[in-house]
Amino acid sequence: MGKKVTVVGAGFYGSTTAQRLAEYNIFDTVVLTDIVEGKPEGLALDLNQSRSIEGFETKVVGQTTGLDGSGYEAISGSDVVVITAGLPRKPGMSRMDLIEVNAKIVRSVAENVAKHAPEAVIIVVSNPLDEMTALTQIASQFPKNRVLGQAGMLDTARFTHFVAETLAVPVASVQTLTLGSHGDTMVPVPSRCTVNGQPLSELLPAEKIEELVVRTRNGGAEVVALLKTGSAYYAPSAAAARMAKAVAEDSGAVMPVCAWVDGEYGIEGVYLGVEAELGATGVRKVVETKLTDSELAGLKEAAEAVRAKQADVAAL
């Protein structure tokens, strides 16, 4: 115990992330902040009242923050900060449609995190994910290993679910992997997909695998279209919370995340979805996995697509 984690943004994503982090019972304190007055305090009170039922001691602290940066002193000493702040997608919107409005919000949050929790590892979940991760690093001026984004964990989980449903097997028997960007240039890695150790390509025809890849790529939009208001948060919060747990426990767990890539896979200087070893310093190292020629080509294509947008975002 003694660890402190902050979740910025008390919408469905942020509040569910705070709940998961509290229920792990590995943190002393979970701080939940929002600009809507009273909302984080109310949610914190509600979560604290669940402690005796669920059997965790972690205290949840709610704090309203102002656009002038007031209230952010509550996050001081945080080991990990998860940034969920920003607008969610509406049906028919792409993640890129959110870029300008969310860039202003995320830049402000990153500057306040740098001021009040200068030793923290930042996990970004705001969309468009790859661009907001790059912007957070620029605005915070943190070392690049201490700023990472949540995308691959979620996309991989969606791919795993679709494979398990298609084959009617337990999700625990399925291993999948997605790299690249969170969006159109997502790169699922069929060569790394297995069911009970058997290659997926031996169990499903190529066209069916491609169908599942496309569904994974559009996984968020599918949920948004069904909900009509808001976007996914149960699976995304699970992914972000697991990343924060790996950092807090200095576990060395290898997870697909949005990390700074500089030389790995022959790709230079860009935030991109790759496998990385996580610990107390954030990304300990990018883990290069064996890819087929077409998978590597897809990853390099994704890198160039996000590189162009990450260059644009610096000016927002």
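Preceding this section is the structure that the text describes.
Residues numbered from 1 in each chain as written. Predicted model: local features only at pLDDT ≥ 70, side-chain atom pairs only at ≥ 80, totals over all residues. Heavy atoms only, no water.

S.K.: Just checking my understanding: could you explain the pairing of strand β5 (residues 121–124) for this structure?
M.R.: A regular strand places its side chains on the two faces of the sheet in alternate fashion. Neither face of β5 is exposed, since Val121 and Ile123 on one face and Ile122 and Val124 on the opposite face are all buried. Pairing geometry for strand β4 (residues 80–83) and β5, over four bridges, is parallel. Bridge pairing in β5 links valine 81 to isoleucine 122. Relative to strand β6 (residues 147–149), β5 is paired through three bridges, and the arrangement is parallel. (Buried < 20%, exposed > 50% of the residue type's maximum accessible area, 1.4 Å probe, protein only. Helix = DSSP H or I, 4+ residues; strand = E, 2+ residues; numbered from the N terminus. Pairing = 2+ DSSP bridges.)

S.K.: Help me out: how do you make sense of helix α10 (residues 293–313) in this one?
M.R.: Given 3.6 residues per turn, any residue in an α-helix points the same way as the ones three and four places further on. Under the 1.5 Å per step criterion, the end-to-end length of α10 is 30 Å for 21 residues, consistent within 8% with the ideal 30 Å. Here α10 has its buried residues at Glu295, Gly298, Leu299, Ala302, Ala303, Val306, Gln310 and Val313. Seen end-on, α10 carries its buried residues on one side only, within an arc spanning 145°. Opposite the buried face of α10, at more than 90 degrees from it, the exposed residues are Asp293, Ser294, Glu301, Ala311 and Asp312. Check the buried side of α10 and you find it contacts α4 (99–116), α5 (129–140), β8 (178–180), β9 (186–188) and β13 (270–279). (Expected span 1.5 Å × (residues − 1). Arc of directions from axis to C-beta. Contact = heavy atoms within 4.5 Å.)

S.K.: Mind showing me how you'd approach the sheet that holds strand β11 (residues 198–199) here?
M.R.: Note on sheets: strands pair through backbone hydrogen bonds, and any given pair is parallel or antiparallel. Reading across the sheet, the three strands line up as β7-β10-β11 and stay open at both edges, with antiparallel pairing between neighbours. Sheet topology places β7 (174–175) and β11 at the edges, where each strand pairs with a single neighbour. Bridge count for β7 against strand β10 (residues 194–195) is two bridges, and the pairing is antiparallel. The partner of valine 174 across the bridge, within β10, is valine 195.

S.K.: What is the right way to look at the pattern of salt bridges in this model?
M.R.: Two side chains that carry opposite charge are able to pair once their charged atoms sit near each other. For the structure shown, the criterion picks out eight salt bridges. In this structure, the salt-bridge partner of lysine 208 is glutamate 211, at a minimum N-O distance of 2.8 Å. Residue lysine 208 and its partner glutamate 211 are both found in helix α7 (residues 206–217); the two are separated by three residues, about one turn of the helix. Residue class for glutamate 211 comes out partly exposed when judged on its relative accessible area of 48%. Here the salt bridges share partners, and the residues they tie into one network are Asp250, Glu277 and Arg284. (Salt bridge = Lys/Arg side-chain N within 4 Å of Asp/Glu carboxyl O.)

S.K.: Please clarify how the pairing of strand β12 (residues 254–261) should be interpreted in this entry.
M.R.: Here β12 lies mainly inside the structure; six of its eight residues are buried. Alignment of β12 against β13, held across eight bridges, turns out to be antiparallel. Directly across from methionine 255, in β13, lies its bridge partner alanine 276.

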